[in-house]
Amino acid sequence: MDQQVNTQDVLKVNGLTTYFFTRRGVVKAVDDVSFTVRAGETLAIVGESGCGKSITALSLMRLIPSPPGRTIAGTVMLDGTDLLQLSEPKMRQMRGNKISMIFQEPMTALNPLLTIGRQVAETLILHQNMSRQAAQARAVEMLKFVKIPEAEQRAREYPHQLSGGMRQRAMIAMALACNPRVLICDEPTTALDVTIQAQILELIVELQRNFGTAVILITHDLGVVAETAHRVIVMYAGRKVEEASAEELFHRPLHPYMNGLLGSIPRVGLTKRATASEHVALQEIPGIVPALNDLPIGCAFAPRCPNAGDKCRAAIPPFEEKLPGHFAACWHSDVGAKVPT
Amino acid sequence: MSNPPPVIEVTDLKKHFPIRKGLLRRLVGHVHAVDGVSFSIGQAETIAVVGESGCGKSTVGRTILRLIQPTAGTIKVNGTDITTLSRHEMRPYRRQMQIVFQDPFASLNPRMRADDIVGEPLMVHGIANKKERAEQVAELFVRVGLRPQQARNFPHEFSGGQRQRISIARALALNPKFIVADEPVSALDVSIQAQVLNLMVRLQRSEGLSYLFISHNLAVVEHIAHRVAVMYLGRIVEFADTADLFANPQHPYTEALLAAIPVPDPAMKRTRHIMQGDVPSPINPPLGCHFHPRCPIATERCRVEVPLLKPGADGRMVACHLR
Amino acid sequence: MSVTVPLDHNAELRRAGAFAHGFFGQARFLARRYPLGAAGAIILIFFILCGIFAEWVAPMDPLTTNAKYSLAAPSARNWMGADMMGRDEFSRIVHGARISLMVAISATGLGAIFGVSIGLASGYIGGWFDLVFQRVVDVLQSLPLLVMALVITAALGPSLENTIIAIALPLIPSVSRVIRSNTLSLREMPFVEAAQAAGMSEWRIAIRHVLPNTLAPLIVLATAQLGSTILTEASLSFLGLGVPEPHPSWGRMLSESAAEYVRTAPWLVIFPGLAISLIVFGTNLLGDAMRDLLDPRQRS
């Protein structure tokens, strides 16, 4: 798959920092996050709820509710333009045009009072100055691209008349209508059934190959990551803790958090048991994710980490290249990584 | 007793929801949410019911607990038929069966403190006086891995995983023999899922609990269940021991479900066979085998004749004309 | 870094209320966040204190007549003038606050109790009970509030209690509607199902699990309705059907003087009118803030 990835950087994010100023204190939702996405590449951002992955996406789109949220530092360079510097009208011209986003729940992201075809056409009229007729024709074409059966007929239907999978397809059609440089998918299949999830993931991969779009895939599902991503960023408590190619990360996780995650998911075909009643206990990560307004000093994962020492509780570990192309933020990860059993 | 009756025995369970339309609430049809389901659950056994949304798996769980009145069929608890018991007659049986829900936010009353939530079932059934109750609640907290110091907190002060532990503690309060777990880990973070699943397994061993484990996540099911029932549009299409089902799925739908699970290993990126099409509406399900419009091997017979769930050679049950 | 960094995190946090500790700290934070609501609360508290401590606040007895000061203009002795019978207008307005608020609060409370009971039963029991009661509520709601109250007082005769009943009755429909719709959605919540699975009685579930979760919208509604009950009381009294003599009622004070003295002794019209407007304005401001605070979904 790697030969399709060309080396042109489309989106360069540097030092992105988004804080929320709330009654409970400063919530450091995204803290100094940097990454690059190339054309035709899928970058996955994984982590559990509250790790800042969705806020990262919203910060790129400049959709953080303010107050209380504020992107207080960083640059987001899209083809040489810093999105964070744009005026709001300029930014509006970018959204849905150069950088698009699809959400977990397509029902809430679609307007229930407009037909599917109309909603796809609106984007085209807005960003590409198309005539209504041309836009409608193009909308049907887009719906065919995302493999909605009987696209002409479906274009005249309203969101509630479509199934969850079809709605997500319509969302994708809308997001890709203007052929954006970057597509952000925030948990695109979490609300869908497994068989439908497989269809949607296949569709995203296929469209990306045809359009050369850079995809940022935000998910908590390591299975989805393994099947679709080229490169992966692991986030924990608002910070990047590990980054590597998908193959490298899954076979040689360096950060104990990623290591723990891989051990804690039940996998089909890997649960071995002597008798029917004997279960192999899953590996647990003890404790809970820390509150983002009350982070521990030092490494945020230290309270849950089996290897944590005094140094971990004293200072945040630097994010550095431990192996070629494999970065991690851990004081101990150079000791020797464990391969999950 | 050499051969005790199963903890739960369900025979030909049906639940049809009426669909009414218009001002006069005219009956226009039925949703066949559960359409003739039979199985039994032994002591300390976990039966998983898997399937996609709308297959009726949650309705099965709620109907067994008589939270929903079945349209037809019988439900036996330790050999006693509870299908038609009155509300009052049901009370002693309520103590034997409990439920844990998916959503750890909606399943706890936001206006009650954690210890009141866990202790309320004890109070309602008149078990233990106030002091004994406090002791039992504290013990339940420890058993599910919560700190008793948090007992006076409100649900919003707990994390998702902790709330699910409160739910489990509430379900355990009455010392039930049987728990319906309706997607108990689906809303939890991956690292927390393992904690809750391990807790459930531990409790099963120490208390001899039987579970009906409802889930859409086959990897979780393989980990926790002894036997698995795969449902599609209100019917069980395959019922087998977990190991057999995963090693050698018989029904084409089970095969498709297994093929669709993303595997957390990039080296195993498969050229997979992805089943096309959507789950049909349970209001007007396809005739014959419900699965035939999506089935790669469907024949003319599948379009007209309903396949029965019949036992195969090795004791597993498959509802397919061709397998 | 190309984005301006607010150097003072503390300033941002103070704005978000992170340093609001204790009752007064919280109150100060809320007052800064909802200044109009705070103004409303202050107005309402001011009138409530006036009403409670009317004997001490009012310089004179509101009922003592004195022909010498009949229709006296505002002066050092009579701050707001005196009425035809020489009774001190200021003292009457202070005592009127007591009557006005007592009627408004009791009527709102009474209406809420009945509204909640009907709404809860309607939503929880459903079936024919729901059908019948909601149609009754429909009928009640199709009549204007004031006309309803008018008919009731006319039928029952004017007295303090009857006024309260007359004002409470028209409140029942809106309260029961809100509670019913809340009950309907709460009934489907998993925690209610869990209570059923534990074998709890419907009664217990309704009281312990459903009712407490409808309180927030109820408080919002009750505060919002307080202003209109005060207005209804004033209107009824204006029409001579409200609180009877000798209780000083703002509405009646207006009606007694409006026709005859509006030219000769305008203070007799201005001050009661001002009192009514001010308190209704205050409760409405407070009601809006309460809605924003407790029920963000209803925010327009």
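Before any of the text, the structure's been laid out above.
Small disclaimer: the values here were computed from a predicted structure and weren't measured. (Residues numbered from 1 in each chain as written. Chains lettered and ligands numbered in written order. Predicted model: local features only at pLDDT ≥ 70, side-chain atom pairs only at ≥ 80, totals over all residues. Heavy atoms only, no water.)

**Q** Mind showing me how you'd approach the overall build of chain B here?
**A** The number of helices and strands found in chain B is ten helices and twelve strands. The C-alpha atoms of chain B give a radius of gyration of 21 Å, which matches the 20 Å a tight globule of 323 residues would have. With the C-alpha coordinates of chain B rotated into their principal frame, the extents come out at 70 × 55 × 55 Å. Out of the 323 residues belonging to chain B, those deemed buried represent 56%. In chain B, once contacts between residues fewer than 6 apart in sequence are set aside, the share between residues at least 24 apart is 63%. Between the averaged position of the 39 positive side-chain charges in chain B and that of its 29 negative side-chain charges there is a distance of 6 Å. (Helix = DSSP H or I, 4+ residues; strand = E, 2+ residues; numbered from the N terminus. Rg over C-alpha atoms; globule rule 2.2 N^0.38 Å. Buried < 20%, exposed > 50% of the residue type's maximum accessible area, 1.4 Å probe, protein only. Contact = heavy atoms within 4.5 Å. Lys, Arg positive; Asp, Glu negative; His and termini not counted. Charge placed at Lys NZ, Arg CZ, Asp CG, Glu CD.)

**Q** In this structure, what is going on with the overall build of chain C? I would like to understand it.
**A** Helix and strand counts for chain C come out as 14 helices and zero strands. Across chain C, helices and strands are ordered from the amino to the carboxyl terminus as α-α-α-α-α-α-α-α-α-α-α-α-α-α. Projecting the C-alpha coordinates of chain C onto the three principal axes gives extents of approximately 75 × 65 × 30 Å. Looking at the 300 residues of chain C, the share that counts as buried comes to 49%. Sequence separation of at least 24 residues holds for 69% of the intrachain contacts in chain C that already meet a minimum separation of 6. A total accessible area of about 14600 Å² is found for chain C, and carbon and sulfur atoms account for 70% of it. Side chains of chain C give 21 positive and 20 negative charges; the mean places of these two sets differ by 5 Å. (Areas by Shrake-Rupley, 256 points an atom, 1.4 Å probe, with all protein chains shown as cover.)

**Q** Could you clarify how one ought to interpret the sheet that holds strand β2 (residues 25-38) of chain A in this entry?
**A** Strands pair in a sheet through their backbones, by hydrogen bonds, and they do so in one of two ways: parallel or antiparallel. All names here are of chain A. Read across the sheet, four strands follow the order β2-β1-β4-β5 without closing on themselves; strand pairing throughout is antiparallel. Of all strands in the sheet, those bounded by a partner on one side alone are β2 and β5 (81-82). With ten bridges joining them, strand β1 (residues 9-22) and β2 adopt antiparallel strand pairing. When the bridges of β2 are listed, L16 appears paired with V33. (Pairing = 2+ DSSP bridges.)

**Q** What's the story with the interface of chain A and chain B in this structure? I'm lost.
**A** Accessible area lost upon the coming together of the parts is a frequently used measure of interface size. Between chain A and chain B, the residue contacts involve 50 residues of the former and 46 residues of the latter. Buried surface at the junction of chain A and chain B, summed over both partners, amounts to about 4000 Å²; 55% is from carbon and sulfur atoms. The tally of links between chain A and chain B comes to zero salt bridges. Taken together, chain A and chain B are joined by nine residue pairs in polar contact (both at pLDDT 80 or more). Elements represented by at least two residues in the side of chain A that touches chain B include exactly α8 (194-211), α9 (222-228), α10 (246-251) and α11 (256-264) of chain A. The leading source of residues in the side of chain A that touches chain B is α8(A), at eight residues. Here the residues of the side of chain A that touches chain B are counted per class, giving 23 nonpolar, 16 polar and eleven charged. (Buried area = accessible area lost by both parts, 1.4 Å probe. Salt bridge = Lys/Arg side-chain N within 4 Å of Asp/Glu carboxyl O. Polar contact = N/O pair within 3.5 Å; in protein donor to acceptor, adjacent residues only side chain to side chain. Nonpolar A, V, L, I, M, F, W, Y, C, P; charged D, E, K, R; others polar.)

**Q** What is the right way to read the packing of helix α5 (residues 89-125) of chain C against helix α12 (residues 215-238) of chain C from this model?
**A** In a pair of packed helices, the angle between the axes and the distance between the axes together describe the arrangement. Residues and elements named next belong to chain C. With their axes 9 Å apart at the nearest point, α5 and α12 run at an angle of 135° to one another. Taken together, the axes of α5 and α12 are oblique relative to one another. For the crossing formed where α5 meets α12, the hand is right-handed. Listed contacts from α12 to S100, L101, V103, A104, I105, T108, A112 and V116 of α5 are L218, A222, L226, T229, I230 and E233. (Axes fitted to C-alpha atoms, helices over the stretch in contact; angles between N-to-C directions. Parallel < 35°, antiparallel > 145°, perpendicular 65-115°, else oblique. Left-handed = near helix turned anticlockwise from the far one by under 90°.)

**Q** Please clarify how the pattern of salt bridges should be interpreted in this entry.
**A** Pairing is possible between side chains of opposite charge, provided their charged atoms come close. Residues and elements named next belong to chain A. In this structure the tally under the stated criterion is 46 salt bridges over all chains. The closest approach of N and O atoms between R38 and D9, which form a salt bridge, is 3.7 Å. Here R38 is found in strand β2, whereas its partner D9 is found in strand β1, with 29 residues between them in sequence. Judged by its relative accessible area of 27%, R38 falls in the partly exposed class. Residue classification places D9 among the partly exposed residues on the basis of a relative accessible area of 32%.

**Q** How do you make sense of the environment of A:A237 when you look at a structure like this?
**A** Residue and element names in this part refer to chain A. Turning to its location among the elements, A237 is positioned in the loop between β9 (231-236) and β10 (239-245). The class of A237 is buried, set by a relative accessible area of 3%. When the C-alpha positions of A237 and S49 are compared, they lie 9.2 Å apart, and in sequence the two are 188 residues distant. The contact partners of A237, leaving out residues within four places of it in the chain, are K28, C51, P290, L292, L295 and A300.

**Q** What should I look at first to understand the sheet that holds strand β5 (residues 80-81) of chain B in this one?
**A** Residues and elements named next belong to chain B. The four strands lie next to each other as β2-β1-β4-β5, forming an open sheet whose pairing is antiparallel. Across the chains shown, the open sheet's two edge strands, defined by having one partner strand only, are β2 (26-41) and β5. As paired strands, strand β4 (residues 72-77) and β5 are joined by two bridges and run antiparallel to one another. Its bridge partner being in β5, K76 is matched across the sheet by D81. Running over the sheet, helix α1 (residues 57-64) touches β1 (8-21), β2 and β4 and is turned about 115° from β1.

**Q** Help me understand the pairing of β9(A), please; the structure alone is not making it clear to me.
**A** Along any regular strand, the residues point their side chains to alternate faces of the sheet. Residue and element names in this part refer to chain A. Burial of β9 is extensive: six of the six residues sit out of reach of the surface. As judged from the four bridges shared by strand β3 (residues 42-46) and β9, these two strands associate in the parallel manner. The partner of V46 across the bridge, within β9, is V234. Across six bridges, β9 lies against β10 in antiparallel orientation.

**Q** Honestly, the state of the cysteines in this entry has me stumped. Any pointers?
**A** What we call a disulfide is simply a covalent bond connecting the sulfur atoms of a pair of cysteines. Residues and elements named next belong to chain A. Counted according to the given criterion, the structure contains zero disulfides over all chains. Its sulfur unpaired, C185 is 16 Å from the next cysteine sulfur, which belongs to C178. Here C299 stays unpaired: no disulfide links it, and the sulfur of C312, its closest cysteine neighbor, is 6.1 Å away. The class for C299 is buried, based on a relative accessible area of 13%. (Disulfide = S-S within 2.5 Å.)

**Q** Please explain helix α5 (residues 132-145) of chain A as it appears in this structure.
**A** Because the α-helix completes a turn every 3.6 residues, residues three or four places apart line up on one side. Residues and elements named next belong to chain A. For α5, with 14 residues, the first-to-last C-alpha span of 20 Å sits near the 20 Å given by 1.5 Å per residue. Residues of α5 that are buried: A135, A139, V140, M142 and L143. The arc enclosing the buried residues of α5, seen along the axis, measures out at 160°, which places them on a common side. (Expected span 1.5 Å × (residues − 1). Arc of directions from axis to C-beta.)

**Q** Teacher, can you tell me more about a nonpolar patch on the surface here?
**A** All names here are of chain C. A surface patch of nonpolar side chains, amounting to about 630 Å² of accessible area, comprises I45, L49, I52, F53, W56 and V57. For the nonpolar patch, the secondary-structure elements that each account for two or more residues are α3 (35-52) and α4 (54-57). Overall, L49 belongs to the partly exposed group, its relative accessible area being 43%. (Patch = residues over 30% accessible without salt bridge, like charges linked within 9 Å, V, L, I, M, F, W, Y side chains within 5 Å.)

**Q** Any chance you could explain the nonpolar core here in plain terms?
**A** The tendency in soluble globular proteins is for nonpolar side chains to be buried as a group. One finds B:I168, B:F213 and B:V228 to be the most contacted residues of the largest nonpolar core, which totals 67 residues. At eight residues, the largest contribution of residues to this core is made by helix α6 (residues 190-207) of chain B. Each residue touching B:F213, except ones within four places of it in the same chain, is listed here: B:T46, B:I47, B:A48, B:V49, B:A181, B:P184, B:L197, B:M200, B:V220, B:V221 and B:I224. Residues A:A246, A:I265, A:C305 and B:V190 belong to the second largest nonpolar core, which totals 66 residues. (Core = buried A, V, L, I, M, F, W, Y, C linked by side-chain atoms within 4.5 Å.)

**Q** What exactly am I supposed to notice about unusual backbone geometry here?
**A** Negative phi values dominate among residues other than glycine, just as trans dominates among peptide bonds. Backbone geometry at A:N129 places phi at a positive 50°, although glycine is not the residue there. Exposure remark for A:N129: the relative accessible area of 69% places this residue in the exposed category. Of note in this structure, B:N175 is not a glycine but carries a positive phi near 55°. Among the secondary structure elements, B:N175 is positioned in the loop between α5 (160-172) and β7 (178-182).

**Q** Would you take a moment to explain the packing of aromatic side chains for this structure?
**A** The geometry of two aromatic rings is summed up by the distance between their centres and the angle between their planes. Applying the stated criterion to the full structure yields 14 aromatic pairs over all chains. Arranged with centres 6.1 Å apart and planes meeting at 65°, the rings of C:F53 and C:W56 form a pair that is edge-to-face. For C:F53, a relative accessible area of 41% corresponds to the partly exposed category. Both rings, one in C:W128 and one in C:F129, keep their centres 5.9 Å apart while their planes meet at 70°; by these two values the pair is edge-to-face. Of the aromatic side chains, those joined through ring pairs into one cluster are A:Y236, A:Y257 and A:F301. Taking the ring centre of C:Y69 as reference, the NZ or CZ of C:R77 above it sits at 3.7 Å. (Phe/Tyr/Trp six-rings, centres within 6.5 Å; stacked < 30°, edge-to-face > 60°. Lys NZ or Arg CZ within 6 Å of the ring centre and 35° of its normal.)

**Q** Help me understand α8(A), please; the structure alone is not making it clear to me.
**A** Residues and elements named next belong to chain A. The first and last C-alpha atoms of α8 sit 26 Å apart over 18 residues, in line with the 26 Å expected at 1.5 Å per residue. Of all 18 residues that make up α8, 14 are buried, and the element is covered over most of its length. Just past α8, the residue G212 takes up positive phi, approximately 70°.

**Q** Looking at this structure, how should I read the environment of A:I116?
**A** All names here are of chain A. One can find I116 in helix α4 (residues 116-128). Taking the relative accessible area as the measure of exposure, I116 reaches 2% and is therefore buried. With 24 residues separating them in the primary sequence, I116 and V140 have C-alpha atoms 9.4 Å apart. In this view, I116 contacts L110, L143, R154, A155, E157, Y158, P159, L162 and A170; residues no more than four positions away in its chain are not counted.

Don't take any of this as a statement about function, it's just geometry.
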